[in-house]
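If you want the building blocks of each chain, they are given just below.
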Amino acid sequence: MAMVLGKPEADGLSEAVGALREWQRDGAPMQLHPGDLGWFWRFGAEATAAAVRTWSRDGRILAVGLLDEPRLLRLTIAPDARRDEEQARQLLEDLTEPERGVLPAGKVSVEAPTGALLQELLLEHGWHADEPWTPLRRDLTRPVKDPGLRIEVTGPGPGQVPARTAVQRAAFDRSTFTDEHWHAMAAGSPYADARCLVGYDARDHAVAAVTVWSAGPGRPGLLEPMGVHREHRGHGHGKAITVAAAAALRELGSSSAIVCTPSTNAGAVATYRSAGFRQLPETRDLYRDA
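These numbers come from a predicted model, not from an experiment.

Student: Any chance you could explain the layout of surface pockets here in plain terms?
Tutor: Gaps between atoms show up when a probe of the same size as a water molecule is rolled over them. Its volume calculated, the second largest pocket comes out at about 290 Å³. Taken together, 18 residues line the second largest pocket, and the ones lying closest to its centre are G27, A28, P29, M30 and L280. Looking at the lining of the second largest pocket, its residues break down into eight nonpolar, five polar and five charged.

Right under this line is the structure:
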């Protein structure tokens, strides 16, 4: 039976989220996580649905893609289908022909799991390896030590959401994260197994924040995003909030904590390593020239 390319409605996103949960496994290549859809949900359910693509055969989802940007598709594939030639060639056609409604003409990029046949086919068809990313992982079988920073879980209480969004904007120069975005994100189905943490220093300044996403008990959980307020850097707050994130994921039942950052961001890599994360082999998106 042929593969079917789908574009779910907002009320059908739960099926794609469920597939992503099922595919998260320790030792698997870094891949699209339900938390990636959860973080995108800050733009609303309709926008998230418009950015998601699914590929199914005989009613079973075998691949899920998220247009994280109009020209960047983050794609993952069911573990037992990553070397499926029929599926890989169908994906290749859908990604390279703009009329299929996945990627436009011109320069575009695709993130796909390391070792998937699709990567080999894209390279054979003139795509190129892009800048490297560094995935990192922390095992959560043992208890996590106290981070040494007062941590609050963001909820609907007075001032909690503004504190979370303010740290995000102060940590990332181009961030547009607002209170409205937080509430939209929190209303999404992936957030049922997520937490936003804000770290406070001894003077009660909100200095760092992170959002963690569980994929369910016994599966890897994701940090996305983590940031330190630009006025409070250089004091170890990045390490502390990252340790707190690992502790929160362990409480949620995650088997490990995973994160990925551009390899050029040496400071971020060093922060995650200082928080007990182990650096894994680099990954690269693939891109097609205009």
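More follows now that the structure is in view.
Student: Any chance you could explain the nonpolar core here in plain terms?
Tutor: Most often, soluble globular proteins have nonpolar side chains that are buried together. Core analysis: the largest hydrophobic core is formed by 43 residues, its most contacted members being W55, V64, L73, L75, L95, L103 and L118. Once residues within four sequence positions are removed from consideration, L95 is found in contact with W55, L73, L75, V102, L103, V110, L118, W127 and R288. Core analysis: the next-biggest nonpolar cluster, separate from the first, contains 28 residues, V144, V212, V243 and Y272 among them.

Student: What is the right way to read the packing of aromatic side chains from this model?
Tutor: According to the stated counting rule, one finds five aromatic pairs in the structure shown. Ring centres 5.3 Å apart and planes at 75° place the aromatic pair F40 and F43 in the edge-to-face group. Ring centres of Y272 and F277 lie 6.0 Å apart, and the angle between their planes is 55°; on these two criteria the pair is classed as tilted. A residue is classified by how much of its surface remains accessible, and F277, at 4% relative accessible area, is buried. Over the ring of Y287 we find K107; its NZ or CZ atom is 4.8 Å from the centre of that ring. Its end group placed over the ring of Y200, R150 keeps NZ or CZ at 4.4 Å from the ring centre.

Student: For this particular structure, what's the right way to read empty space enclosed by the protein?
Tutor: Taken as a whole and judged by the stated rule, the model has one cavity of 30 Å³ or more. Reported here for the largest cavity is a volume of approximately 40 Å³. Looking at the lining of the largest cavity, the elements with two or more residues in it are β7 (150-153) and β8 (194-200). Taken together, the residues of the lining of the largest cavity break down into three nonpolar, two polar and one charged.

Student: Hey, could you run me through helix α8 (residues 237-251) in this one?
Tutor: Side chains that are three or four residues apart share a direction in an α-helix, a result of its 3.6 residues per turn. The terminal C-alpha atoms of α8 lie 21 Å apart, and with 15 residues this matches the ideal 21 Å at 1.5 Å per residue to within 8%. The buried fraction of α8 is high, at 11 of 15 residues. Three or more residues of α8 are buried, namely H237, G238, A240, I241, T242, V243, A244, A245, A246, A248 and L249. Downstream of α8 by a residue or two, G253 has a phi angle that is positive, lying close to 95°.

Student: Any chance you could explain the side chain of S109 here in plain terms?
Tutor: Assignment of secondary structure puts S109 in strand β5 (residues 108-111). Take S109: its relative accessible area is 12%, and that puts it in the buried class. Those residues in contact with S109 that sit more than four places away from it in its chain are R71, L72, L73, L103, W127, D130, L286 and Y287.

Student: Teacher, can you tell me more about the pattern of salt bridges here?
Tutor: Two side chains of opposite charge can pair, provided their charged atoms sit close to one another. According to the stated counting rule, one finds 17 salt bridges in the structure shown. R230 is the salt-bridge partner of D173, the closest N and O atoms lying 3.2 Å from each other. Of the two residues, D173 is situated in the loop between α6 (160-171) and α7 (179-186) and R230 in the loop between β10 (220-228) and α8; the sequence distance between them amounts to 57 residues. A single network of salt bridges, built from pairs that share partners, joins D36, D68, R74 and E111.

Quick notes on the rules
Residues numbered from 1 in each chain as written. Predicted model: local features only at pLDDT ≥ 70, side-chain atom pairs only at ≥ 80, totals over all residues. Heavy atoms only, no water. 1 Å grid on protein atoms, 1.4 Å probe; cavity = no way out; pocket = protein on both sides within 12 Å on 5 of 7 lines; lining within 4 Å. Points joined across faces, edges and corners; volume = space filled by probe spheres on them. Nonpolar A, V, L, I, M, F, W, Y, C, P; charged D, E, K, R; others polar. Core = buried A, V, L, I, M, F, W, Y, C linked by side-chain atoms within 4.5 Å. Buried < 20%, exposed > 50% of the residue type's maximum accessible area, 1.4 Å probe, protein only. Contact = heavy atoms within 4.5 Å. Phe/Tyr/Trp six-rings, centres within 6.5 Å; stacked < 30°, edge-to-face > 60°. Lys NZ or Arg CZ within 6 Å of the ring centre and 35° of its normal. Helix = DSSP H or I, 4+ residues; strand = E, 2+ residues; numbered from the N terminus. Expected span 1.5 Å × (residues − 1). Salt bridge = Lys/Arg side-chain N within 4 Å of Asp/Glu carboxyl O.

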